Amino acid sequence: MFTIETAREGTATIVRVKGEATIAHAKEMHDASISAVMDSDTVIIDTDGVTEADLSFLQFIDATHKLLLKDKKSIGFYHESISPAVKLAAQKTGYFTQHRCVACTGKCLMHALIA
């Protein structure tokens, strides 16, 4: 079962994703991303509950990052970690090695977490 929720913690918006973060839930991920970016200067993505991820979830992370950078805002991961399912999806697809994050030199948070 997939859920995505947002909550304020201090000045940041936490986006908690649980379950199957796949193309079947792309619309919900997109809506949560837009809402989080508009509501906060910092977005923290919590992937601890993600049990399955695919390319669409990686694109959600990247798109959220791009929106935040456009407005000089920041992104991070809860506890500075990603779930094993997200790490596996990133490694299997090669998404973050082939599609560099905006302004990334290979040293952004996502690259460090999948290395």
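Residues numbered from 1 in each chain as written. Predicted model: local features only at pLDDT ≥ 70, side-chain atom pairs only at ≥ 80, totals over all residues. Heavy atoms only, no water.

### Quick word on the overall build of the protein chain
The secondary structure content of the protein chain amounts to 5 helices and 4 strands. The buried share of the protein chain, taken over its 115 residues, is 45%. When contacts within the protein chain are restricted to residue pairs at least 6 apart in sequence, those whose partners lie at least 24 apart make up 72%. Only carbon and sulfur atoms are counted for the fraction: they give 55% of the accessible area of the protein chain, which is about 6,200 Å². (Helix = DSSP H or I, 4+ residues; strand = E, 2+ residues; numbered from the N terminus. Buried < 20%, exposed > 50% of the residue type's maximum accessible area, 1.4 Å probe, protein only. Contact = heavy atoms within 4.5 Å. Areas by Shrake-Rupley, 256 points an atom, 1.4 Å probe, with all protein chains shown as cover.)

### A short note on the confidence of the model for the protein chain
Chain-level pLDDT for the protein chain is 86 on average; 83% of the residues reach the 70-or-more range. Strand β2 (residues 12–21) holds the highest mean pLDDT among the elements of the protein chain, 96, whereas helix α5 (residues 109–114) holds the lowest, 62. (pLDDT = per-residue confidence, 0-100.)

### Some thoughts on the packing of helix α1 (residues 26–39) against helix α2 (residues 55–70)
Two numbers describe how α1 lies on α2: the axes approach to 10 Å, and their chain directions differ by 20 degrees. Here α1 lies roughly parallel to α2, going by the angle between them. Judged by the twist between their axes, the crossing of α1 over α2 is right-handed. The residues of α2 that touch α1, namely those facing Met-29, Ser-33, Ile-34 and Val-37, are Ser-56, Phe-57, Phe-60, Thr-64, Leu-67 and Leu-68. Here the contact of α1 with α2 is built from residues that sort into 7 nonpolar, 3 polar and no charged. (Axes fitted to C-alpha atoms, helices over the stretch in contact; angles between N-to-C directions. Parallel < 35°, antiparallel > 145°, perpendicular 65-115°, else oblique. Left-handed = near helix turned anticlockwise from the far one by under 90°. Nonpolar A, V, L, I, M, F, W, Y, C, P; charged D, E, K, R; others polar.)

### Considering the sheet that holds strand β4 (residues 74–77)
On the basis of which strands lie adjacent, the open sheet formed by 4 strands has the order β1-β2-β3-β4 and mixed pairing. Of all the strands in the sheet, the pair left with one neighbour each is β1 (3–9) and β4. Strand-to-strand twist in this sheet, taken as the mean axis angle between neighbours without regard to direction, amounts to 20 degrees. Pairing of β2 with strand β3 (residues 42–53) involves 9 bridges; the strand directions are parallel. Considered in β3, the bridge of Glu-20 is made with Glu-52. With respect to the sheet, α1 is in contact with β1, β2 and β3, its orientation differing from that of β1 by roughly 10 degrees. (Pairing = 2+ DSSP bridges.)

### Observations concerning the environment of Thr-47
Tracing the chain through its elements places Thr-47 in strand β3. Linking Thr-47 and Ile-82, residues 35 residues apart in sequence, is a C-alpha distance of 5.6 Å.

### What to know about the pairing of β4
Across 4 bridges, β3 lies against β4 in parallel orientation. Residue pairing in the sheet places Val-43 in a bridge with Ile-75 of β4. Crossover β3 to β4 through α2 is right-handed. (Right-handed = clockwise from strand over helix to strand, strands pointing away.)

### A closer look at the packing of aromatic side chains
With the rule as written, the count across this model stands at 1 aromatic pair. The ring centre of Tyr-78 lies 5.3 Å from the NZ or CZ of Arg-16, which sits over that ring. (Phe/Tyr/Trp six-rings, centres within 6.5 Å; stacked < 30°, edge-to-face > 60°. Lys NZ or Arg CZ within 6 Å of the ring centre and 35° of its normal.)

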